[in-house]
Amino acid sequence: LNFIKMAVLIALFALVAVCTGKGLVPTVQIDIGVDMPVVGIGSCCGDYNVSDWLKLGALHIDTSMDYGSEPNIGNVVKDLNLTRTDLFITSKINPEEYSSDMTDSVRKLVLEPLQMDYVDLLLLHHAGRVKGDKNPLPPCVNLSDTERGTFYTCRVEAWNSLLQMQRQGLARAVGVSNFEQRDLEQVYNATGVWPAVNQIEQHPWWHTDDLVQFCNDRGITVTGYAPMGAYPRTKMLDDPALAAVAQNNNMTVGQVALRWSLQKMSDKGVVIPRSHNATHMQDNLKVLSYTLDDADMVSLQNLPQSKIYNTQCQPWC
């Protein structure tokens, strides 16, 4: 009897290991041999705590040249003496760095601050220069290309450079952020390669269902940022419709927002909520054991839509 119990326990542990992939979190395959945990932590704007996140065994961290969080992440990883191959690190390149060869910029502005030789996922942060950005325009901008877009050459050159850096081993997978369908089609038509990931704003108060479907149909994994509505920047988590679903399912409102986004992406996507509170981080991970029924999903489908983050790039698109 004891032998049978032990065999069952071993089988269960093996099943858990297969199902969870890296650390505690299930993964989605974004490229050959590259598995991305479906819940990560965002590190924008100072409201994050990667140390407690990593101590929980959750190993996916999202950062960017633009956030200024990479030195802190590198120091925390070093202090915790973690194995690099156990981590999943995403970073993003600013539009002013776009060119046909961004290797030096990535080494200096991404890898050196992280104290790492590579990232797991490297993204182009925007399709162009966002409105209000005061950084200089890259030389690749073509002001006369009004048909394809003033940033068309930049997008294609930068995407080609990402593919080259992937071949060089500086990134295991490459993708984009804040790209619309036109932008995705342009880089694909120029290179024959779809981005592995498109990171976009995604939550009950802002969801672009057609774009998510377009990505799903082409094997592009969608990562949803601000899945809790960037609370308290907005009051999405105070929405009575979310509160009702939370009460019916014995969940927190934040958990409802995360679970809703994952299911909206047909459980093929990823969410990267920010948090500095270890208890909230644990709550975020628990969404993996919940499911919202069809009625709950429908009740949150048609809430008033209000985009939080400015990704408008006219006329620099």
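Note: the structure precedes this text.
Residues numbered from 1 in each chain as written. Predicted model: local features only at pLDDT ≥ 70, side-chain atom pairs only at ≥ 80, totals over all residues. Heavy atoms only, no water.

### What about the side chain of Ser161?
Considering the arrangement of structural elements, one finds Ser161 in helix H5 (residues 152-168). The class for Ser161 is buried, based on a relative accessible area of 2%. When sequence neighbours within four positions are dropped, the list of residues in contact with Ser161 reads Ser99, Ser100, Asp101 and Met102. (Helix = DSSP H or I, 4+ residues; strand = E, 2+ residues; numbered from the N terminus. Buried < 20%, exposed > 50% of the residue type's maximum accessible area, 1.4 Å probe, protein only. Contact = heavy atoms within 4.5 Å.)

### What to know about the packing of H5 against helix H6 (residues 181-191)
Viewed as axis vectors pointing N to C, H5 and H6 meet at an angle of 60 degrees, and their least axial separation amounts to 10 Å. It follows from the interaxial angle that H5 and H6 lie oblique. The handedness of the crossing between H5 and H6 comes out as right-handed. Along its contact with H5, which presents Tyr152, Arg155, Val156, Trp159, Asn160 and Leu163, the element H6 presents Arg182, Asp183, Gln186, Val187, Ala190 and Thr191. Its residues assigned to classes, the contact of H5 with H6 comprises six nonpolar, three polar and three charged. (Axes fitted to C-alpha atoms, helices over the stretch in contact; angles between N-to-C directions. Parallel < 35°, antiparallel > 145°, perpendicular 65-115°, else oblique. Left-handed = near helix turned anticlockwise from the far one by under 90°. Nonpolar A, V, L, I, M, F, W, Y, C, P; charged D, E, K, R; others polar.)

### Re the sheet that holds strand E4 (residues 60-62)
Reading across from one edge, E3-E4-E5-E6-E7-E8-E9-E10 is the order of the eight strands in this open sheet, with parallel pairing throughout. Both outer strands of the open sheet, strand E3 (41-42) and strand E10 (270-271), are each paired with one neighbouring strand and no more. Here strand E5 (residues 88-93) pairs with strand E6 (residues 119-124) via four bridges, running parallel. By the bridge assignment for E6, Thr90 is matched with Leu121. Here H5 sits on the sheet in contact with E5, E6 and strand E7 (171-177), set at roughly 160 degrees to E7. (Pairing = 2+ DSSP bridges.)

### Focus: the state of the cysteines
Here the structure, examined in full by the defined rule, presents three disulfides. Bridging Cys44 to Cys45, the disulfide has an S-S length of 2.2 Å. Judged by the sign of its S-S torsion, about 45 degrees, the cystine formed by Cys44 and Cys45 is right-handed. Since its relative accessible area comes to 51%, Cys45 is described here as exposed. Across the disulfide, Cys313 is cross-linked to Cys317 (sulfur-sulfur distance 1.7 Å). Between Cys313 and Cys317 the sulfur-sulfur dihedral comes to about 115 degrees; the bridge is accordingly right-handed. The burial state of Cys313 is the same as that of Cys317; both residues are buried. For the protein chain, the bonded cysteines connect in the pattern 1-2, 3-4, 5-6 when numbered consecutively along the sequence. (Disulfide = S-S within 2.5 Å.)

### Observations concerning the environment of Tyr98
With respect to the secondary-structure elements, Tyr98 resides in the loop between E5 and helix H4 (103-114). Not counting chain neighbours up to four residues away, the residues in contact with Tyr98 comprise Ile93, Leu124, His125, His126, Pro138, Cys140, Phe151, Cys154 and Ala158. A polar contact is formed between the side chain of Tyr98 and the backbone nitrogen of His125, at a distance of 3.2 Å. (Polar contact = N/O pair within 3.5 Å; in protein donor to acceptor, adjacent residues only side chain to side chain.)

### Digging into the nonpolar core
With 92 residues, the main nonpolar core has Ile30, Ile93, Tyr98, Leu122, Leu124 and Leu162 as its most contacted residues. Apart from residues no more than four positions distant in its own chain, Leu124 is found in contact with Ile93, Tyr98, Met102, Arg155, Ala158, Trp159, Leu162, Gly175, Val176, Ser177 and Phe179. (Core = buried A, V, L, I, M, F, W, Y, C linked by side-chain atoms within 4.5 Å.)

### Some remarks on unusual backbone geometry
A positive phi angle, near 55 degrees, is found at Asn81, a position not held by glycine. With respect to the element layout, Asn81 can be found in the loop between helix H3 (70-79) and E5. Positive phi, normally seen in glycine, also occurs at Ala226, with a value near 55 degrees. In this structure, Ala226 sits in the loop between strand E9 (221-225) and helix H8 (240-249).

### Examining the packing of aromatic side chains
Here the structure, examined in full by the defined rule, presents four aromatic pairs. The interplanar angle of 10 degrees and the centroid separation of 4.1 Å between the aromatic rings of Tyr188 and Trp194 together place this pair among those described as stacked. Owing to a relative accessible area of 23%, Trp194 belongs among the partly exposed residues under this scheme. Relative to Tyr309, the ring of Tyr225 has its centre 5.8 Å away and its plane inclined at 65 degrees; by these criteria the two rings are edge-to-face. Here Tyr225, found in strand E9, pairs with Tyr309, found in the segment after helix H11 (294-299); they are 84 residues apart in sequence, far enough to count as distant. Classification of Tyr309 as buried rests on a relative accessible area of 17%. Linked through ring pairs, Tyr188, Trp194 and Phe214 together constitute an aromatic cluster. (Phe/Tyr/Trp six-rings, centres within 6.5 Å; stacked < 30°, edge-to-face > 60°.)

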